[in-house]
Amino acid sequence: MNSDKTPTTFDSHRFCLAPMMDWSDKHCRYFWRQLTKKSRLYTEMVVTGAIIHGDRERFLQFNNAEHPIALQVGGSDPAALAQCARIAQDWGYDEINLNCGCPSDRVQNGMIGAILMSKPELVAECIDAMQKACDIPVTVKHRIGIDDMEDYEALSNFVTTVAQTGCNTFIVHARKAWLKGLSPKENREIPPLRYDLVVQLKKAFPHLNIVINGGINCLEQAKTLLNDLDGVMIGREAYHNPFFLADVDQKLFGTPNPSANRHEVLDKFIHYAEQQNAAGTRLHHMSRHILGLYLGQKGARAFRRHITIHAANREASAVVLREAKQLVDIG
Ligand SMILES: Cc1cc2nc3c(=O)[nH]c(=O)nc-3n(C[C@H](O)[C@H](O)[C@H](O)COP(=O)(O)O)c2cc1C
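Calculation notes
- Residues numbered from 1 in each chain as written.
- Predicted model: local features only at pLDDT ≥ 70, side-chain atom pairs only at ≥ 80, totals over all residues.
- Heavy atoms only, no water.
- Helix = DSSP H or I, 4+ residues; strand = E, 2+ residues; numbered from the N terminus.
- Buried < 20%, exposed > 50% of the residue type's maximum accessible area, 1.4 Å probe, protein only.
- UniProt positions renumbered as here; feature names shortened; annotations may be inferred.
- Near = heavy atom within 4 Å.
- Polar contact = N/O pair within 3.5 Å; in protein donor to acceptor, adjacent residues only side chain to side chain.
- Areas by Shrake-Rupley, 256 points an atom, 1.4 Å probe, with all protein chains shown as cover.
- Nonpolar A, V, L, I, M, F, W, Y, C, P; charged D, E, K, R; others polar.
- Domains from an automatic or database assignment.
- Contact = heavy atoms within 4.5 Å.
- Buried area = accessible area lost by both parts, 1.4 Å probe.
- Salt bridge = Lys/Arg side-chain N within 4 Å of Asp/Glu carboxyl O.
- Pairing = 2+ DSSP bridges.
- Core = buried A, V, L, I, M, F, W, Y, C linked by side-chain atoms within 4.5 Å.

J.: Could you give me a rundown of unusual backbone geometry, with the residues and numbers involved?
T.: Residue proline 68 is bonded to the preceding histidine 67 through a cis peptide linkage, with omega at -5 degrees. Looking at the element boundaries, proline 68 is found in the loop between α3 (56-60) and β3 (69-74). We note that aspartate 22 has phi near 75 degrees; this positive angle belongs to a residue other than glycine. When you line up the elements, aspartate 22 lands in the loop between β1 (15-17) and α1 (26-33). The class of aspartate 22 is partly exposed, set by a relative accessible area of 47%. For aspartate 147, which is not glycine, the phi dihedral falls at a positive 45 degrees. One can find aspartate 147 in the loop between β5 (138-143) and α7 (153-163).

Right, dumping it as structure tokens:
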């Protein structure tokens, strides 16, 4: 760690696509990869028990095209997390990320997610054990606080304590989580966004890689935030309106974009869906992630409708996607 607090700029997390349970699965991530090669992708959260005792193919498999890819884990037992860090490295992940931001009741009871913000020493112990077990970066995703934690002091204390392990990357969802009274969905909408606190954090910890998350919905906004921060992470907008990602590589990294238009993205995804379908994956499991591709274009609604209706059939093949493509006009 750079202990003299010299300001450092980081490039590794400049643009990240968020971990989202039930959404950012391997098919969704492959789709996003056709829009941007440079972004860092995150898996859905997987709890330690599932990794250690569950079906690893199911929980950990990813496509080589997905690199750089981070596995997000949920847990708070240092030994179990260390074991998962080793497994993540063996599976070829580029990073392992500990979830300290999920507010769901189900995970609070298992001392997983946002509740961990009240236990910085335990998080530090977990991160330390994970770092000792692998050579890939171990990072944290957290909130700016929980419940009635003081606005900035407790956040700063959390980061100070965890950074003492040598962990240098903090992805900060810029709103508090209210652990009692709000659903996980409400916890992504109701607590106010406080980008100022994340910027304050970067100013206080200039040697750390600080990535901001929450409510970012276009590249112009991302670019502005990158003036003060090392990276941005986007979740819902990338899922509902994915085509804005097609400009990420050029606008944020200065490298050529991988796909020129929506049809090209769809053609690449159709090719993937054909291969996966032949190997036994149901079309619906893949096609549900691309419904927003033509958002705002003529025929977008017909595209969505055609896929929604026809991919539901267990026998559906990628032909459904070819048919849907005929229904949209991108001019
Ligand atoms: C459906 C859904 C599932 C989510 N699952 C996770 C998760 O598994 N791990 C996590 O750290 N955050 C999860 N989140 C939170 C997102 O990663 C992100 O922090 C949040 O949506 C705010 O970013 P956004 O405004 O760009 O969407 C989830 C969000 C959504 C919408």
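Next, the rest of the story.
J.: A description of the UniProt feature "active site" (unreviewed entry) in the chain should follow, citing residues and the corresponding values.
T.: The sites that carry the UniProt feature "active site" (unreviewed entry) are, in the present numbering, Cys102. Position of cysteine 102 among the secondary structure elements: in the loop between β4 (95-100) and α5 (105-109).

J.: Before we move on, can you summarise the site of the ligand with the specific residues and values?
T.: Looking at the ligand, there are 17 residues lining it, with Met21, Gln72, Asn213, Gly215 and Arg236 nearest. Measuring from an oxygen atom of the ligand, one finds a side-chain N or O atom of asparagine 213 at 2.6 Å. Glycine 235 has a polar backbone atom sitting 2.8 Å from an oxygen atom of the ligand. In the complex, the protein chains occlude 91% of the 610 Å² of accessible area that the ligand would expose alone. Grouping the amino acids of the shell around the ligand by side-chain chemistry returns seven nonpolar, seven polar and three charged.

J.: Tell me about the domain arrangement of the chain, residues and numbers included.
T.: Domain assignment breaks the chain into domain 1 (15-252) and domain 2 (262-325). Taken over C-alpha atoms, the centre of domain 1 sits 29 Å from the centre of domain 2. With 16 residues of domain 1 in contact, the opposing surface of domain 2 contributes 15 residues. On the domain 1 side of the interface with domain 2, the three residues burying the most area are His27, Phe31 and Phe243, jointly 43% of the side's total. Across the domain 1-domain 2 interface, the total number found is two salt bridges. Across the pair arginine 288 and aspartate 25 runs a salt bridge whose closest N-O atoms are separated by 3.5 Å. In this structure, the connection of domain 1 to domain 2 is made through five residue pairs in polar contact (both at pLDDT 80 or more). Elements represented by at least two residues in the side of domain 1 that touches domain 2 include exactly α1 and α10 (236-240). Top contributing element to the side of domain 1 that touches domain 2 by residue count: α1, with five residues. Of the residues in the side of domain 1 that touches domain 2, the class split is eight nonpolar, five polar and three charged.

J.: Go over the pairing of strand β2 (residues 40-47), please, and point to the residues and values.
T.: With six of its eight residues buried, β2 lies for the most part within the structure. Two elements, β1 and β2, share two bridges in a ladder whose sense is parallel. Across the sheet, the residue bridging to leucine 17 is leucine 41, located in β2. One ladder, built from five bridges, connects β2 with β3; its direction is parallel. Its bridge partner lying in β3, tyrosine 42 is registered against alanine 70.

J.: Quick rundown of the nonpolar core? Include the residues and the values.
T.: Counting 111 residues, the largest nonpolar core has Phe15, Trp32 and Phe170 as the members making the most contacts within it. Two domains each donate at least three residues to this core, and these are domain 1 (15-252) and domain 2 (262-325). Ignoring anything within four residues of it in the chain, the contact list for phenylalanine 170 reads Val140, His142, Val159, Val162, Ala163, Leu208, Asn209, Ile210 and Val211.

J.: Residue-level account of the side chain of serine 259, with values.
T.: Along the chain, serine 259 falls in the loop between α11 (248-253) and α12 (262-278). Taking relative accessible area as the criterion, serine 259 reaches 4% and is therefore assigned buried. At 2.9 Å, the side chain of serine 259 and the side chain of lysine 268 are in polar contact. Not counting the four nearest positions on each side in its chain, serine 259 is found in contact with Gln34, Ala246, Glu264, Val265 and Lys268.

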